[in-house]
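Tertiary structure, described
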Amino acid sequence: MSVREFDVAVVGLGPAGRALAHRAAVAGLKVAAIDPRPDRLFPPTFSCWVDELPAWLPGFAIAQRIEAPTVWTSVERRITRPYCVLSKPGLHAALNIDDATVYAARARNVDQHLVELDNDTTVKAATVFDTRGLPVLNQRRAASAHGIFVSEETAAPMVAKGEGLLLDWRPENGAGPAEPPSFLYAVPLGDGTVIFEETSLGLRGGMPQHELRKRTLARLKAHGIELTGDEPHEAAHYPLDQEPPKKGRAIAVPFGSRGGMMHPCTGYSVADSLALVDPAIDAIKAGNDPIEALWPWQARLVYWMRMRGLWGLGRLTTAQSIAMFDAFFTESERGQRALLSAHDDYLGLGAVLFNTVAHTWPFRWRYDLVGWRNRDRWLNYPF
């Protein structure tokens, strides 16, 4: 059995793991990067607000920029905040790990300072990061999506070139008022294609792929877009309620979606993970606990409040969801950013959550939003 010692070991080389390994090596640390398929391109489509990305990330990591994306609630709105789709090969290349020692192996055991691999190698490190993604879903609050890729020409009746739909709540997906809600997300990917992705947020156990696909096709048909059935597609199905790690525990440091960086209300995690890489590395170089550096009480309070938002989302009807988003998108720019992006703006988030509930109409729907009734409205819904 061979044993190697490092400053940092990163287990899992998705975007969060590669970013950690890349930035730790740039900072001059001795890095081990561990993944059974270290050169694999990232399978999912990743997107974020442009201003969420760290300054060190090069521009070629962006595949498509959307200057003012659209949301449809009861009315159409333009959000004057640039949004982008990340390039899978561009992001992979930007997060190069040439200066790390790469192990193409599976971690059999991951501990605070030790990683045992399935090739009988043991990696020792002053700090071990576990970035292997999320555990199994079961009946946890989930994000579920089914995406279909079509050409920009085919998509043009719904999504013009260079534009995008972040939330489309128009009643065109064929779901009735007594069925769990879902919305459409549709953005160009910068390669001549557009993804149409019907999305559900907050349901226990999520929404099945066959139901999401049916709803996506119904939306496209409503706009005169007929598909052949041979179009490429992707599926997403993951929990939204992965908590931040507790302080003071002798464990490998969970990071990325595994470490509480999955946004409970949106299902986004990559931008937050990229932004928090350098604070984690700085903490290590200063001899501090990275968990304490990443999760001060302000950030933990923000997470707690966002979880209340997730529970609210998961019990609304379609009509209630539209009313709630109508209220949210009339809030201040700071309030919207506090919910969608800011890691520790607890004052802005508290204000926008209160105001969103207060301005959701009819009044009785607020009881569902805050959980005074219908707490498990969609539990075990028979799809």
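It should be emphasised that the depicted structure is a prediction, and the values quoted were computed from it without experimental measurement.

Turning our eyes to something else, we now look at the state of the cysteines. Under the defined criterion, the tally for this structure stands at zero disulfides. Free of any disulfide, cysteine 48 has its nearest neighbouring cysteine sulfur in cysteine 84, separated by 3.8 Å. Here cysteine 265 stays unpaired: no disulfide links it, and the sulfur of cysteine 48, its closest cysteine neighbor, is 18 Å away. Using a relative accessible area of 9% as the deciding quantity, one classes cysteine 265 as buried.

Turning our attention to helix α8 (residues 318–328). Most of α8 is tucked away, with nine of its eleven residues classed as buried. Among the residues making up α8, those that are buried are Gln320, Ser321, Ile322, Ala323, Met324, Phe325, Asp326, Ala327 and Phe328. Contacts made by the buried residues of α8 are with β6 (76–78), β13 (165–168), α7 (297–313), α9 (333–340), α10 (346–359) and α11 (365–370).

For the structure on display, the rule yields 15 aromatic pairs. Ring geometry for tyrosine 83 against tyrosine 185: centres 6.5 Å apart, planes inclined by 70 degrees, an arrangement best described as edge-to-face. With tyrosine 83 in strand β7 (residues 83–86) and tyrosine 185 in strand β14 (residues 183–188), the pair connects residues that are 102 residues apart, well separated along the chain. In this pair, the class of tyrosine 83 matches that of tyrosine 185, namely buried.

Glancing now at the packing of α9 against α10. Two elements in contact, α9 and α10, have axes separated by 8 Å at closest approach and are oriented at 105 degrees. In terms of their interaxial angle, α9 and α10 are classed as roughly perpendicular. When α9 is examined against α10, the residues Arg334, Gly335, Gln336, Ala338 and Leu339 are found in contact with a partner set consisting of Leu347, Gly348, Leu349, Val352 and Leu353. Among the residues making up the contact of α9 with α10, the classes are represented as six nonpolar, three polar and one charged.

Along its 14 residues, α10 runs 20 Å from first to last C-alpha, staying within 8% of the 20 Å computed at 1.5 Å per residue. All buried positions along α10 are accounted for by Gly348, Leu349, Val352 and Thr356. The buried residues of α10 occupy an angular sector of 95 degrees when the element is viewed end-on, so they sit on one face. Structural note: α10 exposes Leu347 and Phe354 on the side pointing more than 90 degrees away from its buried face.

Taken together, the seven strands give an open sheet; going across it, the order is β6-β5-β13-β14-β15-β12-β16, and neighbouring strands pair in mixed fashion. In this open sheet, the two strands that pair with only one neighbour each are β6 and β16 (233–239). Recorded for the sheet is a direction-independent mean angle of 15 degrees between the axes of neighbouring strands. Judged from the three bridges that link them, strand β5 (residues 70–72) and β6 form a sheet pairing that is antiparallel. The residue bridging valine 71 from the neighbouring strand is arginine 77, located in β6. Lying on the sheet, helix α4 (residues 209–222) is in contact with β12 (141–151), β13, β14, β15 (193–204) and β16; it crosses β12 at an angle near 45 degrees.

Reading the values: the criteria
- Residues numbered from 1 in each chain as written.
- Predicted model: local features only at pLDDT ≥ 70, side-chain atom pairs only at ≥ 80, totals over all residues.
- Heavy atoms only, no water.
- Disulfide = S-S within 2.5 Å.
- Buried < 20%, exposed > 50% of the residue type's maximum accessible area, 1.4 Å probe, protein only.
- Helix = DSSP H or I, 4+ residues; strand = E, 2+ residues; numbered from the N terminus.
- Contact = heavy atoms within 4.5 Å.
- Phe/Tyr/Trp six-rings, centres within 6.5 Å; stacked < 30°, edge-to-face > 60°.
- Axes fitted to C-alpha atoms, helices over the stretch in contact; angles between N-to-C directions.
- Parallel < 35°, antiparallel > 145°, perpendicular 65-115°, else oblique.
- Nonpolar A, V, L, I, M, F, W, Y, C, P; charged D, E, K, R; others polar.
- Expected span 1.5 Å × (residues − 1).
- Arc of directions from axis to C-beta.
- Pairing = 2+ DSSP bridges.

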